[in-house]
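# Observations on chain architecture
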Amino acid sequence: MNAAFPAEQMPADQTPAKGDDRPGLTILIAAPRGFCAGVDRAIEIVERALEKYGAPVYVRHEIVHNRYVVEGLKAKGAIFVEELDEVPDDAPVVFSAHGVPKSVPAEAERRELLYVDATCPLVSKVHRQAERLLEKDKHILFIGHAGHPEVIGTMGQVAKGEMTLVETVEDVANLPFTSEDDLAFLTQTTLSVDDTAEIIAALQARFPSIAAPKAEDICYATSNRQAAVKELAPGSDLVLVIGAPNSSNSLRLVEVAERCGTTAKLIQRADEIQPEWLEGVGTVGLTAGASAPETLVREVVDKLSEWRTVEERPVLVTEEKMTFKLPRQLAD
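Rules behind the numbers
- Residues numbered from 1 in each chain as written.
- Predicted model: local features only at pLDDT ≥ 70, side-chain atom pairs only at ≥ 80, totals over all residues.
- Heavy atoms only, no water.
- Pairing = 2+ DSSP bridges.
- Helix = DSSP H or I, 4+ residues; strand = E, 2+ residues; numbered from the N terminus.
- Axes fitted to C-alpha atoms, helices over the stretch in contact; angles between N-to-C directions.
- 1 Å grid on protein atoms, 1.4 Å probe; cavity = no way out; pocket = protein on both sides within 12 Å on 5 of 7 lines; lining within 4 Å.
- Points joined across faces, edges and corners; volume = space filled by probe spheres on them.
- Buried < 20%, exposed > 50% of the residue type's maximum accessible area, 1.4 Å probe, protein only.
- pLDDT = per-residue confidence, 0-100.
- Contact = heavy atoms within 4.5 Å.
- Salt bridge = Lys/Arg side-chain N within 4 Å of Asp/Glu carboxyl O.
- Polar contact = N/O pair within 3.5 Å; in protein donor to acceptor, adjacent residues only side chain to side chain.
- Phe/Tyr/Trp six-rings, centres within 6.5 Å; stacked < 30°, edge-to-face > 60°.
- Core = buried A, V, L, I, M, F, W, Y, C linked by side-chain atoms within 4.5 Å.

A few words on the sheet that holds strand β5 (residues 115–117). Pairing is parallel across the open sheet formed by four strands, whose spatial order is β3-β2-β4-β5. Strands with a single pairing partner mark the edges of an open sheet, and in this sheet they are β3 (78–81) and β5. Across the sheet, the mean angle separating the axes of adjacent strands is 25° when strand polarity is ignored.

Another point: empty space enclosed by the protein. With the rule as written, the count across this model stands at one cavity of 30 Å³ or more. The computed volume of the largest cavity comes to approximately 290 Å³. Contributions of two or more residues to the lining of the largest cavity are made by α1 (37–53), α4 (121–135), α8 (220–232) and α9 (248–259). By residue number, the principal contributor to the lining of the largest cavity is α8, which donates three residues.

Most of strand β1 (residues 24–31) sits out of view: seven of its eight residues are buried. Bridge count for β1 against strand β11 (residues 283–288) is four bridges, and the pairing is parallel. Residue T26 lies in a different strand from β11, and its bridge partner there is T283.

A cis amide bond links A31 with the next residue in sequence, P32, at an omega value of 10°. Within the secondary structure, P32 is located in the loop between β1 and α1. Residue A55 is joined to P56 through a cis peptide bond whose omega torsion reads 0°. Tracing the backbone through its elements, the reader meets P56 in the loop between α1 and β2 (57–60). Unusually for a residue other than glycine, E112 sits at a positive phi of about 60°. Relative to the helices and strands, E112 is located in the loop between α3 (103–110) and β5. Classification of E112 as exposed rests on a relative accessible area of 70%.

Another aspect to go through is the confidence of the model for the protein. Residues with a pLDDT of 70 or more make up 94% of the protein, whose mean pLDDT is 93. When the criterion is pLDDT under 50, residues 1–16 qualifies, and its contacts beyond four places in sequence or with other chains add up to 25 contacts.

Applying the stated criterion to the full structure yields 17 salt bridges. Two residues, R33 and E294, come together in a salt bridge whose shortest N-O distance is 2.9 Å. A residue pair is termed long-range when its members are at least 10 positions apart, and R33 in the loop between β1 and α1 and E294 in helix α10 (residues 294–307) qualify at 261 residues. Between E299 and R269 there is a salt bridge, and its shortest N-O distance comes to 2.6 Å. Taken together, the positions of E299 in helix α10 and R269 in the loop between β10 (263–267) and β11 put the pair 30 residues apart, joining distant regions of the chain.

Note that T119 resides in the loop between β5 and α4. In this structure the side chain of T119 is engaged in a polar contact, spanning 2.5 Å, whose partner is the side chain of D117. Non-local contacts of T119, meaning those with residues more than four positions away in its chain, are made with R41, F95, S96, A97, G99, V100 and S124.

Let's shift gears to the packing of aromatic side chains. Scanning the model with the defined rule gives one aromatic pair in all. When the ring of F95 is compared with that of Y115, the centres are 5.1 Å apart and the planes differ by 20°; the resulting orientation is stacked. Residue F95 is found in strand β4 (residues 93–95), and its partner Y115 is found in strand β5; the two are separated by 20 residues along the sequence. For Y115, a relative accessible area of 21% gives the class partly exposed.

Moving on to the nonpolar core. Counting 31 residues, the largest nonpolar core has V46, I63, L73 and V94 as its most contacted members. For this core, the secondary structure elements donating two or more residues are α1, β2, α2 (67–76), β3 and α4. Setting aside residues up to four positions removed in sequence, V94 forms contacts with I45, V46, A49, V57, Y58, V59, R60, I63, V116 and A118. Grouped together as the second largest cluster of nonpolar side chains are 21 residues, L25, I273, V284 and V297 included.

Pasting the structure below:
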């Protein structure tokens, strides 16, 4: 385990103050964790839209899956709605980072609404791949979770019947296609790396000529956060994942920890932590999904520090330097 903690990254020993008889707790903090470039960009888009157009700015669906972030933007003047018919004709509207079906911007243009698309560029890349595959007359098998906003948005890039959703390895066996059909596959960007690899292997075994993306569709942030959990989970007695119950990438982090044989809990805020979770626990692994801000990580550390004498240790698997440009109408 020590290989995960280069000497220059080890924090100073936090020796308990004299008379402090609280038991010690080591917190292994995943790096990278929390906000990814797409989430940073989406939040900045809403904030800049508020600065440029003034409140209120409407946002179709949660801009990202995090209640703390959404409530913070509401306090600044953002109004979150489910559909465009809730947006007044004279108000600006932002589309969420998860992407939207083509029918949504088409409706916004029909109504002459001022809209800003905050779709993550890595999701937009998948949308463009789908269009190119259709130009080649391929039927697309899309690996993802039914009902997730990203899946709804991606499947909404094509006409009904041109894309088939695949959720599990079992689904592959039931697909109504043959090895003679001209098929291709794409994936949701926030899936489990391991689960997706199994589904892709099953697709390629059944359909040897199926076309694959030039590069993996699962985004760098999802892969990196899962890799960090794989590094810290084996040395932890408990893993805490900060994220929303409807956040795909956060749920996958819980699953990754559990596959390592470690108990894992998904929490949205520090006040959800139960003291009994720490019974018999000497080491806690801590990470945050791509929509969770760093302030919530510090909140969790502070809460644990109320019960234990804490020593923090980073578990660094890679450094992220990705940034995305803002839409033209907000870039000045």
